[in-house]
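Each chain, written out:
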Amino acid sequence: MKVKLTFWKLVFVVILVLGMYSAYVRYAHGLGAVSNMSDQFPWGIWIGFDVLCGVMLAAGGFIVTGAVHLLNIEHLHSIVRPTVLTAFLGYCLVIVGLCFDLGRPWFIWHQLIYMNPHSVMFEVGLCVMFYTTVLFFEFLPNVLERFNLKKPLQWVKTIMAGLVVAGILLSTLHQSSLGALYLIMPSKLHPFWYTPALPFFFFGSAVAVGLAMTIFESSLSSRAFGRQLELPVLVELGGALLVVLWVNALLRFEDFFHRGQLGNIVKPSYEAYFLWLELALAFVIPITLLSFKKIRRSPGGLYLAAVFCLLGFVTNRLNVSVTGFETWVGHHYVPKWTEFMITLSIVATGFALFGTAVKYLPIFPGHESPAIKVEAQAKPFVVAAVPEHAGD
Amino acid sequence: MSKALLYDATICIGCKQCEVGCAEQNKLRYDDQVAAESVQSEHKYTVVLAKDGKFMRRLCMHCEHPACASVCPVGAFHKTAEGPVVYDVWKCIGCRYCMVACAFAQPKYEWQSLNPRVRKCIMCPERVKAGQQTACAEICPTGATKFGERDDLIKEAQDRIRQNPSNYMPHIYGLAEVGGTSVLLLSGVAFEQFGYPKSEKIGDTPMPEYTGRVMSKIPDFIPLWGLVLGGVYWITHRREDVAAVEGEKKNSGGAR
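Conventions adopted
Residues numbered from 1 in each chain as written. Chains lettered and ligands numbered in written order. Predicted model: local features only at pLDDT ≥ 70, side-chain atom pairs only at ≥ 80, totals over all residues. Helix = DSSP H or I, 4+ residues; strand = E, 2+ residues; numbered from the N terminus. Rg over C-alpha atoms; globule rule 2.2 N^0.38 Å. Buried ≥ 20, exposed ≤ 12 C-beta atoms within 10 Å, placed from the backbone. Contact = placed C-beta atoms within 7 Å. Pairing = 2+ DSSP bridges. Axes fitted to C-alpha atoms, helices over the stretch in contact; angles between N-to-C directions. Nonpolar A, V, L, I, M, F, W, Y, C, P; charged D, E, K, R; others polar. pLDDT = per-residue confidence, 0-100. Parallel < 35°, antiparallel > 145°, perpendicular 65-115°, else oblique. Left-handed = near helix turned anticlockwise from the far one by under 90°.

Draft legend 1. Geometry of the overall build of chain B. A count of helical and extended segments in chain B gives ten helices and nine strands. For chain B, whose C-alpha radius of gyration is 27 Å, the value lies well above the compact-globule estimate of 18 Å for 256 residues. Along the longest, intermediate and shortest principal axes, the C-alpha atoms of chain B span 105 × 45 × 35 Å. The burial tally for chain B puts 41% of its 256 residues in the buried class. Excluding contacts between residues fewer than 6 apart, the proportion of contacts in chain B whose partners are at least 24 apart in sequence is 63%.

Draft legend 2. Representation of the sheet that holds strand β8 (residues 145–149) of chain B in the model. All names here are of chain B. Reading across the sheet, the three strands line up as β8-β1-β9 and stay open at both edges, with mixed pairing between neighbours. Taken across any chain shown, the strands that pair with only one partner, and hence form the sheet edges, are β8 and β9 (183–186). Recorded for the sheet is a direction-independent mean angle of 25° between the axes of neighbouring strands. Across five bridges, the pairing between strand β1 (residues 3–8) and β8 is antiparallel. From the neighbouring strand, L6 faces β8, where its bridge partner is K146.

Draft legend 3. Molecular detail of the interface of chain A and chain B. The interface is formed by 42 residues belonging to chain A together with 49 residues belonging to chain B. Mapped by element, the contributors of at least two residues to the side of chain A that touches chain B are α2 (31–34), α6 (110–113), α7 (120–146), α8 (150–180) and α16 (386–390) of chain A. A total of seven residues in the side of chain A that touches chain B trace back to one element, the largest contributor, which is α8(A). Within the side of chain A that touches chain B, the residues separate by chemical class into 25 nonpolar, 14 polar and three charged.

Draft legend 4. Spatial organisation of the confidence of the model for chain B. Across chain B, pLDDT averages 93, with 98% of residues at or above 70. Overall fold confidence for the complex sits at a pTM of 0.90, while the interface term, ipTM, reaches 0.90.

Draft legend 5. A look at the packing of helix α4 (residues 60–70) of chain A against helix α9 (residues 198–224) of chain A. Residue and element names in this part refer to chain A. Where α4 contacts α9, the axes come no closer than 8 Å and their chain directions differ by 85°. Regarding the angle of α4 to α9, the classification is roughly perpendicular. From α4, G60, I63 and V64 reach across to α9, where they touch V207, G210, L211, M213 and T214. Across the contact of α4 with α9, the residue classes break down as five nonpolar, three polar and no charged.

Draft legend 6. Here's a closer look at the packing of helix α5 (residues 80–101) of chain A against α7(A). Residues and elements named next belong to chain A. Put simply, α5 and α7 touch, their axes get as near as 9 Å, and they point 140° apart. Classed by the angle they form, the pair α5 and α7 counts as oblique. In the packing of α5 onto α7, the handedness of the crossing is left-handed. Across the interface between the two elements, R81, V84, L85, A87, F88, Y91, C92, V94 and I95 from α5 touch V128, Y131, T132, L135, F136, E138, F139 and N142 from α7. Of the residues assigned to the contact of α5 with α7, the class counts are 13 nonpolar, two polar and two charged.

Following this line, the structure appears as C-alpha cells:
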C-alpha cells in the first residue's frame, strides 16, 4: 500500500512538473507554441476534453443533489458530499482549463459587461459561473462543520433547497447548451455527430456520466481511503445508469434513423471507426455488463461498467469536437505533448485536491479522520437541507 | 443602403494588387514571401488563388447575418449599417468561437502573440463610412473587384451573366448563401475548386438561426422548468409533512 502511494505521488509530481513547464510555454510564448491548434483547428482538446468533458464529468453534482433533496430519496445521502465535492472541483478545474485556452483570459469578466444574449457561449459562460457559485455553497457545509461554525452552517442549510433547484436549472441549461454550441456548424461537423438533437444528447450523456462518475468515484475512494463501499447505493445507481443508457441509445438510434444515417454508419470509414468505438464503449459494453444481475451487484462489475461508460462518452465528446471536423478541415489534429500535459495536470490536480479534501473535511459519513475530532461527526449527513431532517 | 464588393474571377488577371492594397491599408507586412503565400492568415486577410490559369479571390464574405457576430459571447463583432462586419478587439476574450462558427473559415488568429487578436478582412470601414471604396477595389487595375451598392452590384452581376452566359457559372455566389453576403462572386468555374463551401451544403438559412432556435426558447424554459422543479420539491416534501401530521394523529388517537 505504501509503495503504491509513493508510486502515484511520483507520477503526480512528474505530471505537475511537465505541466508547469507547459504552462510556462503557454504564457511566455503563446497558444501557437504550446499547442497544435491552428486557424484550421481553433479548438483542440482544451475545449474538447477540459471543458466539454470536464463539465460532463462533474454532472453528478446536480443529479445526486436532485435525487436526494428534490426527489427526497433519503438513503442516497451518504454519497451527496463526495459527489458535490467532485462537481465543485470539476467546475473549478474547467475554469482553470479555460484560463489556458482563452487567448485573453484576463478579460474573462467581459462576459458580465459586454453581454451578447444571442450567443450560446455567453449563456454557457454565465451558467457555469453561477453554478460554480451554487456548488461553492453546497460544498461550504463541509468547511463550516470542520471549524464548527454553527451559525453560518444554519444559514447555508436554510437556502439549500433553493440552491439545489437553482443548480438543477442551471445544469439543465448549460449541459445541453454545450451541445447547442455546435448547432451553428451544420456544414462543418460530420453528419454522424451534427444533429439538431445535439443539446438533448449532451444533456442525456451528462445524466449517464453523472451516474457513472459517482460509481467510479465511490469505488475509487473506497479503495484509496480504505472505506467500506456503500454497495446497495451503488447498485441502485447502476440500475438507474442502465435505464439512462438505454434511453440514450434508443434516442441516438432514432436520430440516425430519421436523418438517414443508418446506412452510412455501418459502412467502414474513418469517422465510422470512431463512431463504433464510441458506441461500443458508451452503450454496448456497459449495457451488456449491467444487464447481468450478478455483475450489476458486484463492486468490480459496477466499476467496470462505469469506466467503460465514462470512456465512451468522453470519446463521444472528442468525436463531436475533433474527429467530426477532420474531414471538413482536410487534415488531422493531434495535440502537442505540452497540450496533453496541461490537461493531464488539471486531471491530476483534481485527484490530489479530492484526496486532500477527504483528508481534512468531513466528506465521508462516519469517516474517522485524525484531522477531524469535532462534534460535527455526530450528524454525518448534514449537507441536507433542514426539511430532510424533519423526517429523521 | 448597404455597400458590397463584386469580384468577377473572369476579369481577374491574378496581379495580386488587391493583396498589396489590403496590406497597405491594414499596415501589414507585404514582401515576396508573403506574396507567395496562398493561404489567408493573421498577416494576410485576402488572397488571390490561381489554378489551371483561373483565379479566385478569398476574403471575409461580410454576411448579412454574420455567424461570428451572433456567437461571440462578448459581442466583439457587429455588422455595420454600411455593410462591413467589424471587430472590437478590446472586448475580445479569445474564445475563438467565431473561427469555429464561420462557414467560410475567415477569422484567423495571432497564434504566436501573447495578447492575440482575431484577424480578418473588415472591409475598410473608415473608408466606406467616408464614402470611399475599399482599398482592394481602388487598386484593382481591371475592375475585377468592384465596390458599390449591393443592389446595384447584384443587377450588374446578373447582366454580366445574361450577356455572356458561356463565360460564367450561372450563379452569383453570396446572393443567397447563408442568407446573403456583402461580397458577391462571379466565376467561370465551380467555386468549391477554390475552397468555397458548396452552396447546397451551407444553404440559404442565416447561420444565427441554427442557434437562435434554441436560444429563443430559454426565456420560456427557465420559469417553466423552475416551476416544475419547485413543484416536485413541494410534492415530495409535502408527503413527509402529511406523514408526520398523520403519525401525530395516530399517536394521540392511541393514547386516548
